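The chain contents come next:
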Amino acid sequence: MANFNTHLSLAGIGSGLLASAAIAAGVSTTSEGMVLWLTGTLGGLLPDVDADNSSSLKVVFNCIALLLTVVIIVRLSHTQPLTQVWLIIIGVYLCLRWLALPLFKQFTVHRGSWHSLLTGLTLSLLVTDIAWHVVGVSATFAWLLGIFLGVGFLIHLLLDEIYAFDISGTRFKRSFGSACKPIPLSQPVVSGALLLICAMLVTWLPPLAVLKASLATFRSIPL
């Protein structure tokens, strides 16, 4: 299994290359490209958050807390008293730290359902929907955020499978196949729930025509 630094580095490199392509194609601004790069890098750490006390779990938790803080400030700072905004931020952080995080640790097992393509798809759809409906970004940028998160997630899974092959001994390690599984069949309840969530999230996605138009512009990138 690849370590934290390897996942962070390769997800960052892959996301950076894609972000530069998005900027060159004109589908994102430079500042949006930076956000896309960070999103893809974060996606490369997400599969390992099911490992208790992992570096990925700490980084992802802090990023989620920071993101929610920014959203609260942007959405409420002009309409609510400052003290109320502060109380909401503190309340959200405490809920994440003392409720969401312990529950997540309790109900997840490393290399379980979290290490699957279905989970990556679910998270990508969720990010796209939240970015469009809650944060209020453009449909194009919302699509790109979901795609970049999914690409980073996929890079992590592929790296784990690559590292499960022992080159010196030309054999597969016991962990091979546990990282990049399409659907966690060993957990049918979780799989069913994820499929149901995906079906719901698909109905809230931005217009598909926007995504097709954005992808078409990549053909005009000067190489």
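Here, every reference points to the structure presented above.
Rules and cut-offs
Each chain has its residues counted from 1, following the order in which its sequence is written. The predicted nature of this model means local features are confined to residues of pLDDT at least 70 and side-chain atom pairs, given and counted, to a pLDDT of 80 or more, with totals for whole chains, interfaces and linings taken over all residues. To get the side-chain values, all heavy atoms of the structure are used, and hydrogens and water are removed first. By the criteria applied, helices consist of DSSP H or I runs no shorter than four residues and strands consist of E runs no shorter than two, each listed in order from the N terminus. Each residue is assigned to one of three classes by its accessible area relative to the maximum for its type, calculated with a 1.4 Å probe on protein chains only: buried under 20%, partly exposed between the two thresholds, exposed over 50%. Whether two residues are in contact is decided by their heavy atoms: any pair within 4.5 Å suffices. In this analysis, the expected span of each helix is defined as 1.5 Å times one less than the number of residues it contains. We place a 1 Å grid over just the protein atoms. Points where a 1.4 Å probe fits but has no way out form a cavity, open points with protein on both sides within 12 Å along at least 5 of 7 lines form a pocket, and any residue with an atom within 4 Å of a point lines it. Grid points are joined across faces, edges and corners, and a volume is the space filled by probe spheres set on the points. Ten residue types, Ala, Val, Leu, Ile, Met, Phe, Trp, Tyr, Cys and Pro, are classed as nonpolar, four, Asp, Glu, Lys and Arg, as charged, and the remainder, Gly among them, as polar. Think of it as the arc spanned by the lines of direction from the helix axis to the C-beta atoms. As used in this record, nonpolar core signifies buried Ala, Val, Leu, Ile, Met, Phe, Trp, Tyr and Cys residues forming a set joined through side-chain atoms within 4.5 Å. Helix axes are fitted only over the stretch in contact, all axes being lines through C-alpha atoms; the angle between N-to-C directions runs from 0 to 180 degrees. Note on convention: the crossing is left-handed when the near helix lies turned anticlockwise from the far helix by less than a right angle, right-handed when the turn is clockwise.

Enquirer: Teacher, can you tell me more about the overall build of the protein here?
Expert: Within the protein, the regular secondary structure consists of 8 helices and 2 strands. Helices (α) and strands (β) of the protein occur, in sequence order from the N terminus, as α-α-α-α-α-α-β-β-α-α. Here the protein holds 223 residues, and the buried ones make up 40% of them. Put simply, 73% of the contacts in the protein that link residues at least 6 apart link residues at least 24 apart.

Enquirer: Help me understand helix α1 (residues 4-25) in this model?
Expert: Each turn of an α-helix holds 3.6 residues, which means side chains three or four residues apart point in the same direction. Along its 22 residues, α1 runs 31 Å from first to last C-alpha, staying within 8% of the 32 Å computed at 1.5 Å per residue. All buried positions along α1 are accounted for by T6, H7, A11, G12, G14, S15, A19, A22 and A25. Where α1 is buried, its residues meet α2 (30-43), α6 (139-162) and α8 (208-217). One or two steps after α1, the chain reaches G26, where phi turns positive at roughly 85°.

Enquirer: Can you help me understand the layout of surface pockets in this one?
Expert: To find the voids left in a structure, one rolls a probe of water-molecule size over its atoms. Empty space within the second largest pocket amounts to approximately 220 Å³. Going through the elements one at a time, α5 (117-135) and α6 are the ones with two or more residues in the lining of the second largest pocket. For the lining of the second largest pocket, the element with the highest residue contribution is α6, accounting for 8 residues. Class assignment for the residues of the lining of the second largest pocket results in 9 nonpolar, 5 polar and no charged.

Enquirer: Help me understand the environment of H133 in this model?
Expert: As for its position among the elements, H133 is in helix α5. Look at H133 and you get partly exposed, because its relative accessible area is 48%. A sequence separation of 71 residues divides H133 from W204, and the C-alpha atoms of the two residues are 8.3 Å apart.

Enquirer: How do you make sense of helix α7 (residues 188-202) when you look at a structure like this?
Expert: Taking 1.5 Å of rise per residue, 15 residues should cover 21 Å, and α7 covers 21 Å from first to last C-alpha, within 8% of that figure. The set of residues buried in α7 consists of S191, L194, C198 and L201. Each buried residue of α7 lies within a common arc of 90° when the element is viewed along its axis, so the set occupies one face. With respect to the buried face of α7, the exposed residues turned more than 90 degrees away are P188, V189 and L196.

Enquirer: Any chance you could explain the nonpolar core here in plain terms?
Expert: Across soluble globular proteins, nonpolar side chains show a tendency to be buried alongside one another. Residues L46, V49, V60, L123 and F153 are the most contacted members of the largest nonpolar core, which totals 15 residues. Among the elements of the structure, α3 (55-76), α4 (82-107) and α6 are those that each provide at least two residues to this core. Ranked by the residues each element gives to this core, the list is headed by α3, at 4 residues. Contacts of F153, omitting those with residues within four sequence positions, involve G43, G44, L46, P47, W114, S116, T119, G120 and L123. A22, L36, L144 and I221 belong to the second-largest nonpolar core, a separate cluster that totals 12 residues.

Enquirer: Could you clarify how one ought to interpret the packing of α2 against α6 in this entry?
Expert: Geometrically, a packed helix pair is captured by the angle between its two axes and the distance between the axes. One can describe the packing of α2 onto α6 by two numbers: an axis separation of 6 Å at closest approach and a directional angle of 35°. The two elements α2 and α6 meet at a crossing, and its hand is right-handed. In this structure, α2 uses E32, V35, L36, W37, T39, G40 and G43 to contact α6, whose residues at the interface are F141, L144, L145, F148, L149, G152 and F153. Residues belonging to the contact of α2 with α6 are distributed by class as follows: 9 nonpolar, 4 polar and 1 charged.

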